[in-house]
Each structure stands twice: as C-alpha cells, then as structure tokens.
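Geometric and topological summary
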Amino acid sequence: MTATVPPAPSENPIPDPAGRVELPPGAVLTDARFVNDDLLPVPLARRRWTTYNFTALWVGMAHNIPSWLLASGLVALGMDWKQAVFTIALANVVVLAPMLLTGHAGPKYGIPFPVLARASFGLRGANLPAMIRAGVACAWFGIQTWIGGQGIFVLLGKLFGGWADASEVGGQPWTLWVCFVLFWALELAIIYRGMEALRRFENWAAPFVIVGALVLLVWVANKAGGLGPLLDQPSRLGWGADFWPVFFPSLMGMIAFWSTLSLNIPDFTRFGAGQRAQVWGQTLGLPTTMTLFALLSVFVTSGSQAVYGAAIWDPVELAAKTDNVFGLLFALVTVLVATISVNIAANVVSPAYDLANLAPRFITFRTGALITGVVGVVIMPWKLTETPELYIFTWLGLVGGLLGTVAGILIADYWIARRTRLDLTDLYTPGGRYWYTSGWNVHAVVAFAVGGVLAVGGSHSAPGKGPFPQDGLIPFLKPLADYGWAVGLAASLVVYVALTAGRRRV
C-alpha cells in the first residue's frame, strides 16, 4: 500500500504556531507493513477538536454503569461512602498525569498510540504494547456490552413483561441474548462511521447522560423525602490498620479503570486543535466527572435505601422500580446512550488502531473495530464481574500493572530520552532511526519485562476468590502486588532511562 500525505507548506516537517507538526509535502510512504491511511498523521487542517470536545468525550465515557458501580464495589469491601468517593477521586487525579503526558504527542504529531509506541519499542516491537492494549479493550468491550444488554433487558421487561420468564439458552433467557446482540450491533454501526461521527455523538451524549443521572437523583430523593440512612453508615474498616490493606489495592484498581486510556489517549488527542485543548479538556472532564458521578451514585443509592429498605446500587434496577412508562423509556434511552458513549470511545477505537498497526495492509480502522466486536464476545468477559474481589483486585489490578508498565516506557522515551522530539517519516520507515534491531528496541523489551514481573508477579487471590495462588505467583513479590500500576510504571521508567542514558535520541 502506498500512502500519500496531503501537501504541507514547506520542504521539512515544521511546527505551526501552536507547536503542531505534520509530514513534509508530497511524502510517499510505500511500505504496506507499517502504514495505511488510518495510521498516518492527521493533517493540521483536520486537527480541530476543542476543549469542549475533549471534556464531552470524558463526560460521555465516565457516565456509565460500571463507573456508577465502582463506589458500590468499594462499599462492599468495607468502606463507607466517604472513603469510597475519596479513593475514586484520588485515583483519577493520579491517572490524569500520565494521561496528559502521553496525550501530548497527539496534537503535536497527529499520530495514534501504536505509532507513538514505535519510537520506544520499534516499528515491529510496538505490536507488543498495542496487542496488550487491544486485548484489554476487547475484554472491556464485552463487559460494557453485556452490562448494557442487561440494562435494556431489565427495562424492556418492565415495559412489556414476561421477558425474564423466557426459555433459557446458555443459562440466560433468550430475550437477554437478543438484547445483547442488538446492542452489540448498534455500537459497531456507530463506530463504523469513523472518528468524526464519534465526536458528534459524544458532543450531545455527554449532556444527555448528565441530565439522565440528575433526573434519577431528583426522582429517588423525592420518593425518599431525603437521602436516607446510607450516608450515616460507619465504615467497617475505620481509618486504621484494617483500612490501608484494602485502600491501596483498591486505589490501584480505580487507577486501572482508566489506565487503559492513559496509553491510547493519543488516538483522540491526535485530532486536537492544540495542547491547551487536550490539557484543559481532560483536566475538566476526567477527575471532576468521575468524582461527581461517584457522589451521585452514593446519594441515589442512599435514597433507594430509604425508599425500599435496601441499598440498590444498580441504576438500571432502580429505574425499573418506576411504573411510569415515560420514565422507563427515558431510563432506557439514557442507559443506551451512556453505555454506547463509553464503549465505542474507550474500547473500540484503541483496538481498531492497534489491530491496524499489526497488519496495515489487511486491517483498516473499520476492520479492526469489527474484529474487536467479535473477540469481545468470544472471551465471555461477564465472568470478570461476578464478585468485587475478582473485578477490582484480580482483573483491574492485573490489567493496571501491565498497562502501567507500558506507560512508564512511553513517558520515559518521549519526555526524558527524546524531549518530545520525533521524526515523523522514520516512524513509518523500516531501516530508520526507530528500526533498532530488526524492528525491536531491546531496551524497551527489557524494561517491560522487569516492570511487568515486578508489577504482576506477586498477583494473589484469597482461597476461592480468584485464579492466583494464595501466596502469589512469585511469593516474594506478593507485597508489591497491591501497588501494581505504580510499581510497573516506576520500574519500567527507571529501567528504560538507565538503559538509554547518554544516548542521543530524536
């Protein structure tokens, strides 16, 4: 495949006044192993996402059912609502830092995550972090689609009745499978239209979902005559010795919830009008939205306890309590919009680019999206959400450790080794400065191996609560497992910097 870049105004890659760079005019990249139209830098004329676009993107992604349920998972582990909200807020402030650091390359060079990873891992080696990120995204896509399908199933069952009593297929009512498949198809239809369609969808989805959540709060508060007794419940852990062993792995789990995006955020920021847009958009959109959404879930759940005598953390289950047809339809549309908003942005865009990077000649962005949809179903990820221990400690903890390791290498290479300077042409050219050893940078692989082992080598599970040995995969690393994301990021960053110290890089 031959990809021709639209003309630029000079012979060499030059920054515009906002510091953005594009390829030289008439540049022709001929190696189909490393380039297709979806992987090329976005031309300056098409980098027009504003602060509002990035804020709306995060509002749309943060307002979803799994985000709502994060606080409930922490409360189930023994925290009170204040501890749960504090943990979620701190995690999102922490994860914002690598998000902004890796996101910088997007507006400046117009490149997606797998192309950025070529600078540190090599043109071929970039497939290692890309496939890790793609695998995680496929699992998340399945989780979100299953949860969205369940929401539709519950609300439609309330509207029409009898759905839950349908004959079972694979242990679930066939009507649930129908909702799941229809929801899956709707998501892929939207993303198949491309990134501009996603931007337009997020722009109106974000305020719509906020209104839906506030309507739910007003409704339950009105029925409760207040917010109920949940806000007065003390922590079962206190703030002493029992709290911290739960807090730190929970914090790493909450960080892992968005650590996926801390890698592939360039997939979105590459469309940014400048650094100011992505920095302010993400800062206004991520930590504030996640914290407010956690508070909202606590307040609504507290009201449900006052009304129904039990805390109902699932917003779909709570919305189904109403007998108002309009209210049910509004809740149904809100669930659809909220889940689609996060799933296509967070869990389809990245693997679509990552898979395209694996085989650009055969896989386009759209083909990658379709592959993601299929893999997300085949791996049956709904098993991952069966218990808070499995979901927060095992799944999110393991994922966070690996993704933190990759983030450490990207940040070390782009910010410390290269001081944000990249050669765009060589990112697509075998034999260039990012070719290293047959397309692999051994230093990055070593840093990934060291950071990955330290981050997840001590992974452990309580008896009957997960897949790992009670004493850890590598017993002497068990104490590090509760800090997997931080350990992986710090270790890989330090190792990579040490291995590349003194080497001049561009």
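Calculation criteria
- Residues numbered from 1 in each chain as written.
- Predicted model: local features only at pLDDT ≥ 70, side-chain atom pairs only at ≥ 80, totals over all residues.
- Heavy atoms only, no water.
- Helix = DSSP H or I, 4+ residues; strand = E, 2+ residues; numbered from the N terminus.
- Areas by Shrake-Rupley, 256 points an atom, 1.4 Å probe, with all protein chains shown as cover.
- 1 Å grid on protein atoms, 1.4 Å probe; cavity = no way out; pocket = protein on both sides within 12 Å on 5 of 7 lines; lining within 4 Å.
- Points joined across faces, edges and corners; volume = space filled by probe spheres on them.
- Nonpolar A, V, L, I, M, F, W, Y, C, P; charged D, E, K, R; others polar.
- pLDDT = per-residue confidence, 0-100.
- Contact = heavy atoms within 4.5 Å.
- Patch = residues over 30% accessible without salt bridge, like charges linked within 9 Å, V, L, I, M, F, W, Y side chains within 5 Å.
- Salt bridge = Lys/Arg side-chain N within 4 Å of Asp/Glu carboxyl O.
- Phe/Tyr/Trp six-rings, centres within 6.5 Å; stacked < 30°, edge-to-face > 60°.
- Buried < 20%, exposed > 50% of the residue type's maximum accessible area, 1.4 Å probe, protein only.
- Axes fitted to C-alpha atoms, helices over the stretch in contact; angles between N-to-C directions.
- Left-handed = near helix turned anticlockwise from the far one by under 90°.
- Parallel < 35°, antiparallel > 145°, perpendicular 65-115°, else oblique.
- Expected span 1.5 Å × (residues − 1).
- Core = buried A, V, L, I, M, F, W, Y, C linked by side-chain atoms within 4.5 Å.
- Arc of directions from axis to C-beta.

Looking now at the overall build of the chain. Of the regular secondary structure elements, the chain holds 18 helices and four strands. In the structure as shown, the chain presents an accessible area of about 19100 Å², 66% of it carried by carbon and sulfur atoms.

Okay, empty space enclosed by the protein next. Summed over the entire model, instances satisfying the criterion amount to two cavities of 30 Å³ or more. Approximately 50 Å³ is the volume found for the largest cavity. Looking at the largest cavity, the residues that line it are Trp-140, Gln-144, Phe-257, Trp-258, Thr-260, Val-342, Ala-346 and Asn-347. For the lining of the largest cavity, the elements supplying multiple residues, two or more each, are helix H6 (127-160), helix H9 (244-264) and helix H13 (325-347). In the lining of the largest cavity, the residues fall into five nonpolar, three polar and no charged.

For the chain, mean pLDDT is 82; residues scoring 70 or higher make up 89% of the total. For residues 1-12, every residue scores under 50 in pLDDT, and the model assigns this stretch 37 contacts once sequence neighbours within four places are set aside.

With that out of the way, let us pick up the environment of Val-377. With respect to the helices and strands, Val-377 occurs in helix H15 (residues 365-378). Along the chain, Val-377 and Ala-139 lie 238 residues apart, while their C-alpha atoms are 8.2 Å from each other.

Attention now goes to a nonpolar patch on the surface. Taken together, the side chains of Ile-371, Val-374, Val-375, Val-378 and Ile-379 make up a nonpolar region of the molecular surface, amounting to roughly 380 Å² of accessible area. As for its position among the elements, Val-374 is in helix H15.

Okay, the packing of aromatic side chains next. By the definition in use, this model includes 18 aromatic pairs. Linked through ring pairs, Phe-86, Trp-239, Phe-243, Trp-244, Phe-247, Phe-248 and Tyr-483 together constitute an aromatic cluster.

Glancing now at the pattern of salt bridges. This model, assessed by the stated rule, comprises four salt bridges. Two residues, Arg-418 and Asp-413, come together in a salt bridge whose shortest N-O distance is 2.7 Å. Here Arg-418 matches Asp-413 in class, with each residue buried. A cluster of three or more residues bridged by salt bridges with shared partners is formed by Asp-423, Asp-426 and Arg-433.

Residues other than glycine seldom take positive phi values, yet Arg-419 does so here, at roughly 55°. Look at Arg-419 and you get exposed, because its relative accessible area is 54%. One non-glycine residue with positive phi stands out, namely Thr-420, at about 70°. Following the sequence through the fold, Thr-420 ends up in the loop between helix H16 (388-417) and helix H17 (442-456).

Mapped onto the elements of the fold, Ser-350 is located in helix H14 (residues 349-358). Apart from the residues lying within four places of it in its own chain, the contact partners of Ser-350 are Arg-133, Asn-264 and Asp-267.

On to the packing of H14 against H15. One can describe the packing of H14 onto H15 by two numbers: an axis separation of 7 Å at closest approach and a directional angle of 115°. For the pair H14 and H15, the sense of crossing is right-handed. Residues Val-349, Pro-351, Ala-352, Tyr-353 and Leu-355 of H14 touch H15, and the partners they reach there are Phe-365, Gly-368, Ala-369, Ile-371 and Thr-372. When its residues are assigned to classes, the contact of H14 with H15 shows eight nonpolar, two polar and no charged.

Let us look at the packing of helix H3 (residues 81-103) against helix H11 (residues 275-308). At a minimum axis distance of 9 Å, the contact between H3 and H11 shows a crossing angle of 165°. In terms of their interaxial angle, H3 and H11 are classed as roughly antiparallel. Along this stretch, H3 crosses H11, giving a crossing that reads as right-handed. Contact residues: Trp-81, Val-85, Ile-88, Ala-89, Asn-92, Val-93, Val-95, Leu-96, Met-99, Leu-100 and Gly-103 in H3; Gln-278, Val-279, Gln-282, Thr-283, Leu-286, Pro-287, Met-290, Thr-291, Ala-294, Leu-295, Val-298 and Phe-299 in H11. Of the residues assigned to the contact of H3 with H11, the class counts are 17 nonpolar, six polar and no charged.

Moving on to the environment of Phe-201. Take Phe-201: it is sitting in helix H8 (residues 195-224). Taking the C-alpha atoms as reference points, Phe-201 and Ala-56, 145 residues apart in sequence, are found 9.6 Å from one another.

With that settled, consider the side chain of Ser-459. Among the secondary structure elements, Ser-459 is positioned in the loop between H17 and helix H18 (484-500). For Ser-459, a relative accessible area of 8% gives the class buried. Those residues in contact with Ser-459, other than ones at most four positions away along the chain, are Leu-398, Phe-468, Pro-469, Gly-472, Leu-473 and Ala-481.

Okay, helix H2 (residues 65-76) next. With twelve residues, H2 should cover 16 Å at 1.5 Å per step; its first-to-last C-alpha distance of 17 Å lies within 8% of that length. The buried count for H2 comes to ten of twelve residues, which makes it a mostly enclosed element. Listed in full, the buried residues belonging to H2 are Ile-65, Pro-66, Ser-67, Trp-68, Leu-70, Ala-71, Ser-72, Gly-73, Leu-74 and Val-75. Just downstream of H2, Gly-78 is the residue with a positive phi angle, here 120°.

Ranked by size, the top nonpolar core spans 104 residues in total, and within it Met-61, Leu-155, Trp-258, Leu-261 and Phe-268 carry the most contacts. Every residue in contact with Leu-261, bar those within four places of it in the chain, is listed here: Trp-58, Met-61, Met-99, Arg-133, Phe-268 and Ala-346.

With that settled, consider H15. Between its first and last C-alpha, H15 extends 20 Å over 14 residues, near the 20 Å set by a 1.5 Å rise per residue. Turning to H15, its buried residues are Phe-365, Gly-368, Ala-369, Thr-372, Gly-373 and Gly-376. Buried residues along H15 cover an arc of 145° about the axis, so they all sit on one side.

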